[in-house]
Amino acid sequence: DPKIIQKPKYLVAVTGSEKILICEQYLGHNAMYWYRQSAKKPLEFMFSYSYQKLMDNQTASSRFQPQSSKKNHLDLQITALKPDDSATYFCASSQERGGEQYFGPGTRLTVL
Amino acid sequence: GQQVQQSPTSLVLQEGENAELQCNFSTSLNSMQWFYQRPGGSLVSVFYNPSGTKQSGRLTSTTVIKERRSSLHISSSQITDSGTYLCAMAYNYAQGLTFGLGTRVSVFP
């Protein structure tokens, strides 16, 4: 059974729309993260949460908003979508901050 | 900001050959991890190794903090080792990981 679930697997959106990417982890971890991987670029860290509190935000845009409704959930809301937002978005978790991170399968977002 | 340099960019191996992948960091680190990225894109943690040497089967990771480098050694490569290997580090516990661009390994019979 997958321990980190990301939904949907694929997502196509139109410019200007809003989408929510879902992440749930069943590892009992206390820290969760979002990363983004665009073509030809390294994986890029976006947010880190620990015990449902924001620890670090490395995104320059307020269009990206993480949402943690439960301890094992960390969703990512993206508003006013742009073609440059097209990427694979990975959710990850670790037992505590600074620990070994485990990644979900990713959501591939395409913005037309 | 922190930078992570991986070398080589790509590697072609005949099955059974050994290989060494390198990772260099621009700052000191608190966390260091090697990942294998499958052709389909999913990431698998290979080693969590902030310092010292760790071995798992045919894979060995060595991190030398003072020299700001880590290596991943693959012995007796197999076709199933083909894929991209990523190294990543964090310099404090609040931060996420900073990734390198990866080494693409191709193993042929």
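Treat the numbers as computed from the prediction; the structure is a model and nothing was measured. (Residues numbered from 1 in each chain as written. Chains lettered and ligands numbered in written order. Predicted model: local features only at pLDDT ≥ 70, side-chain atom pairs only at ≥ 80, totals over all residues. Heavy atoms only, no water.)

Student: Which residues make up the overall build of chain B, and what values go with them?
Tutor: Along its length, chain B carries zero helices and eleven strands. From first element to last, N terminus to C terminus, chain B shows the α and β order β-β-β-β-β-β-β-β-β-β-β. Taking 13 Å as the expected radius of gyration for a compact globule of 109 residues, we find that chain B reaches 13 Å, a close match to that expectation. Taking the principal axes of the C-alpha coordinates as reference, chain B spans close to 45 × 25 × 20 Å. Here chain B, with 109 residues, has 49% of them falling under the buried criterion. Of all intrachain contacts in chain B linking residues separated by at least 6 positions in sequence, the fraction that spans at least 24 positions is 55%. For chain B, the exposed surface amounts to about 5,100 Å²; the carbon and sulfur share of it is 48%. (Helix = DSSP H or I, 4+ residues; strand = E, 2+ residues; numbered from the N terminus. Rg over C-alpha atoms; globule rule 2.2 N^0.38 Å. Buried < 20%, exposed > 50% of the residue type's maximum accessible area, 1.4 Å probe, protein only. Contact = heavy atoms within 4.5 Å. Areas by Shrake-Rupley, 256 points an atom, 1.4 Å probe, with all protein chains shown as cover.)

Student: Please set out the sheet that holds strand β7 (residues 59-64) of chain B residue by residue, giving values where relevant.
Tutor: All names here are of chain B. Reading across the sheet, the five strands line up as β1-β3-β8-β7-β6 and stay open at both edges, with antiparallel pairing between neighbours. Every interior strand has two partners, whereas the edge strands, β1 (4-7) and β6 (52-56), have only one. Put simply, the sheet's adjacent strands are angled 15° from each other on average, direction ignored. (Pairing = 2+ DSSP bridges. Axes fitted to C-alpha atoms, helices over the stretch in contact; angles between N-to-C directions.)

Student: Give me the lowdown on the state of the cysteines, citing residues and values where you can.
Tutor: All names here are of chain A. Overall, the coordinates contain two disulfides over all chains when judged by the stated rule. Residue pairing for Cys 23: its cysteine sulfur links by disulfide to Cys 91, the two sulfurs lying 1.9 Å apart. Given an S-S torsion of about -65°, the disulfide between Cys 23 and Cys 91 has left-handed geometry. Residue Cys 23 is found in strand β3 (residues 19-25), and its partner Cys 91 is found in strand β9 (residues 87-94); the two are separated by 68 residues along the sequence. (Disulfide = S-S within 2.5 Å.)

Student: Before we move on, can you summarise the interface of chain A and chain B with the specific residues and values?
Tutor: How large an interface is tends to be reported as the accessible area lost when its parts come together. Chain A puts 20 residues into the contact, and the matching count from chain B is 19 residues. Of the roughly 1,500 Å² buried between chain A and chain B, counting both surfaces, carbon and sulfur atoms make up 56%. Taken together, chain A and chain B are joined by zero salt bridges. Our count for the chain A to chain B interface comes out at five residue pairs in polar contact (both at pLDDT 80 or more). Tallied by class, residues from the side of chain A that touches chain B come to eight nonpolar, six polar and six charged. (Buried area = accessible area lost by both parts, 1.4 Å probe. Salt bridge = Lys/Arg side-chain N within 4 Å of Asp/Glu carboxyl O. Polar contact = N/O pair within 3.5 Å; in protein donor to acceptor, adjacent residues only side chain to side chain. Nonpolar A, V, L, I, M, F, W, Y, C, P; charged D, E, K, R; others polar.)

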